[in-house]
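Tertiary structure, described
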Amino acid sequence: MTQNRMLSGGFKLGTFSTNCSSGMTPTQAKERWVNSWDNNLALAKLLDEAGIDFMLPIARWIGYGGPTDFHGGVLETMTWAAGLLAATKDISVFATIHTTANHPVVVAKQIATIDQIGHGRAGLNIVAGWNKPEYQALGLSLPDDHETRYGYAQEWYDLIRKIWGSQEHFDWDKKYFKNIKGLKGDPAPMRGSVPVINAAGSPQGREFATDNANFLFTPAIDLARSKEEIAALKAQAAAKKREVGVLTFSHVVCRPTEKEARDYVHYIVDENADWEATDNLIRLQLAHALSFPHDLLTQIRYGFALGHGGFPLIGTPDQVAAGILSLHEAGFAGTTLSFVDYLREFPYFAQEVLPRLAKAGIR
């Protein structure tokens with residue numbers, strides 16, 4: 001069994017949304033990310049060789065419109081993860097799963113299978129639901145209250161854990177999953193479970209994450225605010241005798257000079273942003289999700305056009321490394337990284353920034 005990097009020490013680095021068209025950047029620039037399987041496979045091998053810890057996809061069913069239909073093209077995450085785990089050696093790969101769109105008995109089997117494919121490197125990102133138009137596209141209704149969303153998600157995950165932990169056949173008849181007879185899960189994941197991520201902004205979501213997840217995923221907008229938030233989340237988990245790391249997401253524009261980096265940001269956003277898609281994305285975040293602080297969201301429209309609202313890592317390798325160190329100092333356990341073109345831009349990041357992080361002692 002291979003070590004799962006999400007279960008080891010050190011500040012975690014991963015990528016985010018490479019399975020989605022345009023990645024994390026709703027831009028019309030010609031070099032925006034093409035989410036083909038070949039590009040994802042080539043990137044996964046680069047990340048694996050560089051020692052990056054994980055890849056995290058977004059499960060998406062419809063795009064955000066605009067000239068680019070941002071996230072209109074998406075590779076399904078469970079099959080994406082299976083393929084990448086088969087083609088890599090050390091990197092952890094997550095499947096992102098909407099609870100209401102995927103039956104837990106099926107998901108339990110799928111995760112156990114991809115964990116065997118990766119020799120213990122699979123992970124599960126649980127999404128309890130926030131994007132109402134996606135639910136409508138699936139013929140489903142998104143509950144307006146977080147209590148229902150997370151009550152459903154809790155029973156969903158409880159059933160998965162029961163499947164993984166049971167040696168005997170069992171029945172299940174509770175609030176959301178009824179009349180299940182003679183169920184038994186074989187195999188279980190190689191360690192009995194897999195690392196779990198959950199993005200949570202509401203009080204109910206944070207109860208769920210601190211009850212169940214290894215990592216809670218949340219934006220980093222104001223690091224002073226993040227420091228207090230992380231301390232509160234860790235205390236909330238500790239009261240339950242659990243340890244939960246807090247992850248965030250970042251967008252990287254790393255160039256030899258700060259001017260080159262700023263000029264590229266200007267080109268991507270000021271000259272080429274898909275503002276229609278950006279505004280649709282922000283409108284949905286405000287209406288149906290609490291992952292972003294609503295009092296700050298209207299201030300960061302530019303950041304959404306650049307990197308989906310991710311923490312900006314813009315400048316020289318020294319400046320980008322300093323930004324990552326500031327996340328570490330705030331208490332984050334790690335961050336995802338996005339680029340306009342992951343394949344073209346990651347090698348420079350790996351060559352210049354990773355050694356600086358290793359020298360600083362966080363990698």
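Here, the structure is the one placed above.
Every value quoted in this text rests on a predicted model; they were computed, and no experiment measured them. (Residues numbered from 1 in each chain as written. Predicted model: local features only at pLDDT ≥ 70, side-chain atom pairs only at ≥ 80, totals over all residues. Heavy atoms only, no water.)

So, about the nonpolar core. Soluble globular proteins tend to pack their nonpolar side chains together in the buried interior. Formed by 89 residues in total, the largest nonpolar core has its most connected members in I111, I114, L124, W156, I324 and F349. With 9 residues, the single largest contributor to this core is helix 5 (residues 146-165). Once residues lying within four places of it in the same chain are set aside, the contact partners of F349 are V252, V320, I324, L337, F339 and L354. Counting residues in each nonpolar core, the second largest holds 12 residues, with A29, Y264, V265 and A305 among its members. (Core = buried A, V, L, I, M, F, W, Y, C linked by side-chain atoms within 4.5 Å. Buried < 20%, exposed > 50% of the residue type's maximum accessible area, 1.4 Å probe, protein only. Helix = DSSP H or I, 4+ residues; strand = E, 2+ residues; numbered from the N terminus. Contact = heavy atoms within 4.5 Å.)

Let's shift gears to the side chain of S21. The residue S21 is located in the loop between strand 1 (12-16) and helix 1 (37-50) in this model. For S21, a relative accessible area of 14% translates into the label buried. Separated by 3.3 Å, the side chain of S21 and the backbone nitrogen of H71 make a polar contact. In contact with S21, not counting residues within four places along its chain, are W33, N35, D69, F70, H71, G72 and G73. (Polar contact = N/O pair within 3.5 Å; in protein donor to acceptor, adjacent residues only side chain to side chain.)

So, on to unusual backbone geometry. Between D186 and the following residue, P187, the backbone shows a cis peptide bond with an omega angle of 10 degrees. Turning to its location among the elements, P187 is positioned in the loop between strand 6 (180-183) and strand 7 (196-199). One non-glycine residue with positive phi stands out, namely H71, at about 65 degrees. Tracing the backbone through its elements, the reader meets H71 in the loop between strand 2 (54-56) and helix 2 (77-87).

To continue, consider the pattern of salt bridges. Taken as a whole, this structure holds 12 salt bridges when the rule is applied. Across the salt bridge formed by K240 and E207, the nearest N and O atoms sit 2.8 Å from each other. Taken together, the residues span a long stretch of sequence, with K240 in the loop between helix 7 (223-238) and strand 9 (245-254) and E207 in helix 6 (residues 203-212) at a distance of 33 residues. With a relative accessible area of 25%, K240 lands in the partly exposed category. Among the charged side chains, a network of salt bridges with common partners joins E207, D211 and K240. (Salt bridge = Lys/Arg side-chain N within 4 Å of Asp/Glu carboxyl O.)

Moving on: helix 12 (residues 317-330). Between its first and last C-alpha, helix 12 extends 20 Å over 14 residues, near the 20 Å set by a 1.5 Å rise per residue. Within the sequence span of helix 12, burial applies to P317, V320, A321, G323, I324, L327 and A330. If you follow the buried residues of helix 12, they end up packed against helix 7, strand 9, strand 10 (311-315), strand 11 (334-338) and helix 13 (342-360). G331 occupies a position one or two residues after helix 12 and carries a positive phi of about 110 degrees. (Expected span 1.5 Å × (residues − 1).)

This paragraph deals with a nonpolar patch on the surface. Nonpolar side chains collect at one region of the surface, where W61, I62, L138 and L140 lie side by side and expose about 310 Å² of accessible area between them. As for its placement among the helices and strands, W61 is situated in the loop between strand 2 and helix 2. (Patch = residues over 30% accessible without salt bridge, like charges linked within 9 Å, V, L, I, M, F, W, Y side chains within 5 Å. Areas by Shrake-Rupley, 256 points an atom, 1.4 Å probe, with all protein chains shown as cover.)

On the secondary structure map, R121 appears in the loop between helix 3 (104-117) and strand 4 (122-127). Here R121 occupies a buried position and makes no salt bridge, while the nearest side chain of opposite charge, D48, is found at 5.5 Å. Look past the residues within four positions of R121 in its chain and what remains in contact with it is T2, Q3, N4, L85, T88, K89, D90, I91, S92, V93 and D115. (Lys, Arg positive; Asp, Glu negative; His and termini not counted.)

Take the packing of helix 2 against helix 3 next. Interaxial distance between helix 2 and helix 3 falls to 8 Å at its minimum, and their mutual angle equals 15 degrees. Compared by their axis directions, helix 2 and helix 3 come out roughly parallel. The handedness of the crossing between helix 2 and helix 3 comes out as left-handed. On the side of helix 2, the interface is formed by M78, A81, A82, L85 and A86, while helix 3 contributes V107, Q110, I111, I114 and I117. When grouped by side-chain class, the residues that make up the contact of helix 2 with helix 3 number 9 nonpolar, 1 polar and no charged. (Axes fitted to C-alpha atoms, helices over the stretch in contact; angles between N-to-C directions. Parallel < 35°, antiparallel > 145°, perpendicular 65-115°, else oblique. Left-handed = near helix turned anticlockwise from the far one by under 90°. Nonpolar A, V, L, I, M, F, W, Y, C, P; charged D, E, K, R; others polar.)

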